[in-house]
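Chains, contacts and geometry: an overview
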Amino acid sequence: SSVMPLCVTIEGATNLRNADFWSKSDPYVICESSGLVGMRFQSHVIMDDLNPVWNYKFMLPRFVIDDELSFTVLDEVYGKQPEVLGRARLEGAAIVAGFAGKVPLEDDGQGGIAELSVKIKTLGQDLEESDSSVSLYPMWVEVEEHFRTSPTEVNNSPAECLALALRQSKSNSSDSKSIDRPSFCQTVLHPDSTKRLTWDISGLFVLLIELIWLPMQVFDRLEGTVGAAIINWTTLLYWTWDIVLSCSTGYYTPFGSVEMRRRAILLRYVKTWFFFDVPVVAVDWTVKMADLGQTAADSAGVARSAKIVRITRVARVMRLMRLMKLRRMLFTIQGLIDSEWMTIALAVVKNLATIVLINHCLACIWFGVGRADEVEGWVAKEGLGGSDVGVQYLVSLQWSLAQFTPGSSQVKPDTTIERCVVVGVLALGLVIATCFISSVTSTMNAVWTAKRYNFTQQLLLKKFLNQNQVPRDLACRINHYVDFVAELRHKRVHASKVDYLSFLSGPLYIELQAELYKPTLCAHPCFGQIHLYSKPMMHEICAAALNGHENYAKNDLIFHQGAKAKNMLFLKCGSLAYRFLPAGCLRPKTLKLGAGNWCTEAVLWMPWDHVGTMKAISEVDVISVKASKLHEITRSYREAYPILRGYAFDFWQEAREHGEGSLTDLPFAQMELDLEVKSQQVYYTSEEELKHAEDVQLSLVQWDD
């Protein structure tokens, strides 16, 4: 047929131009077909490399001899348009029979010495005529009737039907995007975007500055200083711009979705903070403009200045209502922390900061009370009326801290108001000290409870090694290895331990499942391409076609030879041992499968029985894709069907190229690597020690054969 699907692998590039000044280029490549306008295939970015190796693989559902493939190598530049490092083209005549080699890059800025390595295979051309024993499922060999919905499609070749379905899906998805999300909404910030998080964290520091600065208005000599002007302008500009950002930031609805429509955002802001933020900022700007407009020649300048100072102080007191925003800012910071120790440290720091701020406010109040009576007040009695502001503040702070601690202060109350303030502060100090001690005690108990089990096990292990006179070198290696494995287990929280996950709604739970499993599944190029062109199907796969995390202990059997395969397995963490009998050999071979790999892919494309046995050589976490459920889901998605069919063809051709007797449960690329047990060598890090232990464990696994 003149219309065919292609499997394209962009392996890498050599001798690229260095487009960066301080470091090397960060290249990636884009492939486009003249027959599929608007469809682009983009590889990942490799940082600081002039000879990148992408090994980027994708399926092109439709290609005819009149089409051509264009490749553009670009340099990723943060915040700017990417820079072209070279271009290449391949005509259809050079592709039809397959292509594997290097293509010179034009416009590379180096006279054409840069090259791009590409491998292209035409798929499924001789599938129906082949007498191979490797037989695909019928749904991959022939396009099923329910995919041919229009009369014009019935007479087309299978590849044309697939390409038409994919192109229709792409156009529909682009149309829906243009309808659901207008262009002006692109300026709306996501509530969890980096820019918004940075702004909220900055707001925490601005709010702390205001909490420190506002009580210090009792010290008159601070008015008119350069520091006061900087603080006033900084806080004023921040809260003014915060109003603009509040009108341009999405929010989470009670159902867990993100609302990004500007009208809804404005309506919510009007109902919440608008009638507080705008009046306070407006008063600040009015006072600031009046202050700037005052001239020295004004006869009423002094009186106006005093009036402005009084109005300014009233307006600044209103700013204290922004303390209600402190909870939201702290919640934002807590959302970035997933460490128990950091959470505890943040709680302690928060308590200490609260006590310090309370003492700061009480010191300012104490100075204001003492200055109110210019004759009998403690400020006049101590002779501090004309002293420097620093001395006045330090004496007041010393008195404030003395009320919370056993420390002493030379300042004594003389007036009735001062004695009332002292009594109130002593009562407040008693309550705060009690609460603080209780909080620290409960925090330390929580830390001790969390670490008690690990601490006990460490002591028992050391005691066991000492009692059995284990050599010191071996004992140190064992301790380091156990600590490393325990740390790995501690970092990962299993979903079964989180009770709050049961509160999620159905759509929110499906979206969470997709985010949890997508990184693992997308390691396989087929699922990575499905995620790009059919996110609804990817969500349904993660929600309905997976068995979730299956944990296996050391030496557990994963599957045995001859058993009927039902699932494709992805290894999340840990290592597996695979034992099989290679074609033409009399001795079994044992290979190791590491984290990030997969096995039994064949079950997705054809009926499959395991040709080997697999066991765990460490604690492993496996994600299983149910083949039957994947087939059922595929029948509902026209846009994704050609992608999976193309990978089925590619798998069939690779099986023929390698020889049908070499087909095993492991990927072809994994079989080409000789991962037999490595010889003994010296290891210096815990990671290397762990890998070495797993390699040695291969020879210790007990097999039934």
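Residues numbered from 1 in each chain as written. Predicted model: local features only at pLDDT ≥ 70, side-chain atom pairs only at ≥ 80, totals over all residues. Heavy atoms only, no water.

Helix and strand counts for the protein chain come out as 21 helices and 18 strands. Within the span of the protein chain, comprising 705 residues, buried residues form 40% of the whole. Sequence-distant contacts in the protein chain: of pairs separated by 6 or more residues, those separated by 24 or more amount to 73%. Counting only carbon and sulfur atoms, one obtains 59% of the accessible surface of the protein chain, whose full area is about 38,800 Å². (Helix = DSSP H or I, 4+ residues; strand = E, 2+ residues; numbered from the N terminus. Buried < 20%, exposed > 50% of the residue type's maximum accessible area, 1.4 Å probe, protein only. Contact = heavy atoms within 4.5 Å. Areas by Shrake-Rupley, 256 points an atom, 1.4 Å probe, with all protein chains shown as cover.)

Below, the discussion takes up the sheet that holds strand 11 (residues 546-552). Here four strands make up an open sheet; going across it, the order is 11-18-13-16 and the pairing antiparallel. Across the chains shown, the open sheet's two edge strands, defined by having one partner strand only, are strand 11 and strand 16 (598-599). (Pairing = 2+ DSSP bridges.)

What follows is about the packing of aromatic side chains. One pass over the full model with this rule turns up 21 aromatic pairs. With a centroid separation of 4.5 Å and 25° between ring planes, the pair formed by Phe219 and Phe367 is classed as stacked. Of this pair, Phe219 sits in the loop between helix 4 (194-213) and helix 5 (226-246) while Phe367 is found in helix 10 (residues 340-372), placing the two residues 148 residues apart along the sequence. Take Phe219 and Phe367: they sit in the same class, and that class is buried. An aromatic cluster of at least three residues, connected via ring pairs, comprises Phe219, Trp366, Phe367, Trp378, Tyr393 and Trp399. (Phe/Tyr/Trp six-rings, centres within 6.5 Å; stacked < 30°, edge-to-face > 60°.)

This brings us to unusual backbone geometry. Trans is the prevailing form of peptide bonds, just as negative phi is the prevailing case for residues other than glycine. A positive phi is found at Asn15, a non-glycine position, where the angle reads about 60°. Of note, Asn15 is situated in the loop between strand 1 (4-14) and strand 2 (27-33). Residue class for Asn15 comes out partly exposed when judged on its relative accessible area of 39%. The phi angle at Asp48 is positive, at roughly 50°, despite the residue not being glycine. Position of Asp48 among the secondary structure elements: in the loop between strand 3 (40-42) and strand 4 (53-63).

This brings us to helix 17 (residues 535-544). Spacing of three or four residues puts side chains on the same side of an α-helix, whose turn is 3.6 residues. Where helix 17 is concerned, the buried positions are Met537, Met538, Ile541 and Cys542. One side of helix 17 carries all its buried residues, which in axial view fall inside an arc of 135°. Contact partners of the buried residues in helix 17: helix 15 (506-521), helix 16 (525-533), strand 11, helix 18 (627-634) and helix 19 (641-658). (Arc of directions from axis to C-beta.)

As a further point, take the pattern of salt bridges. Taken as a whole and assessed by the stated rule, the structure comprises 14 salt bridges. A salt bridge links Glu32 to Arg40; the shortest N-O distance between them is 3.9 Å. One network of salt bridges, with partners in common, ties together Lys57, Lys121, Asp650 and Glu654. (Salt bridge = Lys/Arg side-chain N within 4 Å of Asp/Glu carboxyl O.)

Before going further, it helps to spend a moment on the confidence of the model for the protein chain. Averaged over all residues, the pLDDT of the protein chain equals 78, while 78% of them reach at least 70. A low-confidence stretch, residues 149-186 stays under pLDDT 50, and its non-local contacts, those more than four residues away or across chains, total 43 contacts. Counted against residues more than four places away or in other chains, residues 674-686, with its pLDDT under 50, gives 19 contacts. (pLDDT = per-residue confidence, 0-100.)

Now for the sheet that holds strand 15 (residues 589-593). Strand pairs in the sheet, formed through backbone hydrogen bonds, run parallel or antiparallel to each other. The four strands are arranged 12-17-14-15 in an open sheet whose pairing can be described as antiparallel. In the strand order of this sheet, the two ends are held by strand 12 (557-559) and strand 15, each with one partner. Taken over all neighbouring pairs, the strand axes of this sheet differ in orientation by 25° on average, direction set aside. The pairing of strand 14 (residues 576-580) with strand 17 (residues 612-616) spans five bridges and is classified as antiparallel. Across the sheet, Phe580 pairs through a bridge with Gly612, a residue of strand 17. (Axes fitted to C-alpha atoms, helices over the stretch in contact; angles between N-to-C directions.)

The subject of this paragraph is the packing of helix 17 against helix 18. Across the interface, helix 17 lies against helix 18 with an axial gap of 10 Å and an inter-helix angle of 150°. As the angle between them shows, helix 17 and helix 18 are arranged roughly antiparallel. At the point where helix 17 passes helix 18, the crossing takes the right-handed sense. Taken together, the residues of helix 18 that come into contact with helix 17 (itself represented by Met537, Glu540, Ile541 and Ala544) are Lys629, Leu630, Ile633 and Thr634. Taken together, the residues that form the contact of helix 17 with helix 18 break down as five nonpolar, one polar and two charged. (Parallel < 35°, antiparallel > 145°, perpendicular 65-115°, else oblique. Left-handed = near helix turned anticlockwise from the far one by under 90°. Nonpolar A, V, L, I, M, F, W, Y, C, P; charged D, E, K, R; others polar.)

Now for the side chain of Gln403. Here Gln403 is to be found in the loop between helix 12 (389-402) and helix 13 (416-467). Classification of Gln403 by relative accessible area gives buried; the value is 17%. In contact with Gln403, not counting residues within four places along its chain, are Val422, Val425 and Leu426.

Quick look at the pairing of strand 8 (residues 115-122) now. Look at any regular strand and the pattern is simple: side chains alternate between the two faces of the sheet. Burial within strand 8 is extensive, with six of its eight residues counted as buried. When strand 1 meets strand 8, the two strands line up antiparallel, connected through eight bridges. Bridging across to strand 8, Leu6 finds its partner in Thr122. By the bridge criterion, six bridges tie strand 7 (residues 99-104) to strand 8 in an arrangement that is antiparallel. Along strand 8, the bridge assignment pairs Pro104 with Glu115.

The terminal C-alpha atoms of helix 19, which comprises 18 residues, lie 26 Å apart, in line with the 26 Å expected from a rise of 1.5 Å per residue. Most of helix 19 is tucked away, with 15 of its 18 residues classed as buried. Positive phi appears at Gly659, one or two residues downstream of helix 19, with a value of about 100°. (Expected span 1.5 Å × (residues − 1).)

Right, let's get into the environment of Asp67. With respect to the element layout, Asp67 can be found in the loop between strand 4 and strand 5 (68-75). Looking at Asp67, the relative accessible area reads 8%, which means it is buried. A sequence separation of 31 residues divides Asp67 from Leu36, and the C-alpha atoms of the two residues are 9.0 Å apart. Each residue touching Asp67, except ones within four places of it in the same chain, is listed here: Ser33, Ser34, Gly35, Arg62, Glu91 and Gly92.

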